[in-house]
Amino acid sequence: MTLIDYVDQLHHVLAAAPGPSGAPGVPNPGGGVAPPGVASKVLTILQWIAYLATAACVGGVLYTAAKMALAHRRGDDTNISQLGWVFAACMLIGSASAVVSALI
């Protein structure tokens, strides 16, 4: 028997074992449920964080653009990679909820 066969056998044994409620299988909590009265407060905090992150993205683009303008005036073009990192951060912040939803 190979290691994969042993792991597969262990998986079947664990899946058939009774869970805490006596039902067979491993319990699946799903996405969870927020405690009463907490969901709206957590959502408000997440909205504030999203607002601040969006403001930081706009500030990052403006700061990088100003640095690029000054560097161009001096004949230096070394800030293009910084703009790419700022854009990557903007895309990650903009798609944060979709990324988390895909991973959960």
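Trainee: So what about the confidence of the model for the protein? Which residues, and what values?
Mentor: Here the protein averages 80 in pLDDT, while 81% of its residues score no lower than 70. Here helix α1 (residues 3–16) stands out as the least confident element of the protein, with mean pLDDT 74; helix α2 (residues 39–74) is the most confident, with 88.

Trainee: Would you mind going over a nonpolar patch on the surface in detail, with residue names and values included?
Mentor: Taken together, the side chains of V38, V42, I45, L46, W48 and I49 present a nonpolar region at the surface, about 580 Å² in accessible area. Position of V38 relative to the elements: it lies in the loop between α1 and α2.

Trainee: Give a description of the side chain of T64 that names residues and reports values.
Mentor: With respect to the helices, strands and loops of the structure, T64 is situated in helix α2. Beyond its immediate sequence surroundings of up to four residues, T64 is in contact with N79, Q82, L83 and V86.

Trainee: Let's hear about the packing of α2 against helix α3 (residues 80–94): which residues, and what values?
Mentor: The contact between α2 and α3 brings their axes to 10 Å, and the two run at 165°. On the basis of their axis angle, the class for α2 and α3 is roughly antiparallel. Judged by the sense of rotation from one axis to the other, the crossing of α2 with α3 is left-handed. For the pair α2 and α3, contact is made by A53, C57, G60, V61, Y63, T64, K67 and M68 and by I80, Q82, L83, V86, F87, A89, C90 and I93, respectively. Broken down by class, the residue content of the contact of α2 with α3 amounts to twelve nonpolar, three polar and one charged.

Trainee: Describe in detail the state of the cysteines, supporting the description with residues and values.
Mentor: A full pass over the atoms with the stated rule returns zero disulfides. A disulfide-free cysteine, C90 has its sulfur positioned 3.4 Å from the sulfur of C57, the nearest such atom. Of the residues examined, C90 reaches a relative accessible area of 24% and is grouped as partly exposed.

About the criteria used
Residues numbered from 1 in each chain as written. Predicted model: local features only at pLDDT ≥ 70, side-chain atom pairs only at ≥ 80, totals over all residues. Heavy atoms only, no water. pLDDT = per-residue confidence, 0-100. Helix = DSSP H or I, 4+ residues; strand = E, 2+ residues; numbered from the N terminus. Patch = residues over 30% accessible without salt bridge, like charges linked within 9 Å, V, L, I, M, F, W, Y side chains within 5 Å. Areas by Shrake-Rupley, 256 points an atom, 1.4 Å probe, with all protein chains shown as cover. Salt bridge = Lys/Arg side-chain N within 4 Å of Asp/Glu carboxyl O. Contact = heavy atoms within 4.5 Å. Axes fitted to C-alpha atoms, helices over the stretch in contact; angles between N-to-C directions. Parallel < 35°, antiparallel > 145°, perpendicular 65-115°, else oblique. Left-handed = near helix turned anticlockwise from the far one by under 90°. Nonpolar A, V, L, I, M, F, W, Y, C, P; charged D, E, K, R; others polar. Disulfide = S-S within 2.5 Å. Buried < 20%, exposed > 50% of the residue type's maximum accessible area, 1.4 Å probe, protein only.

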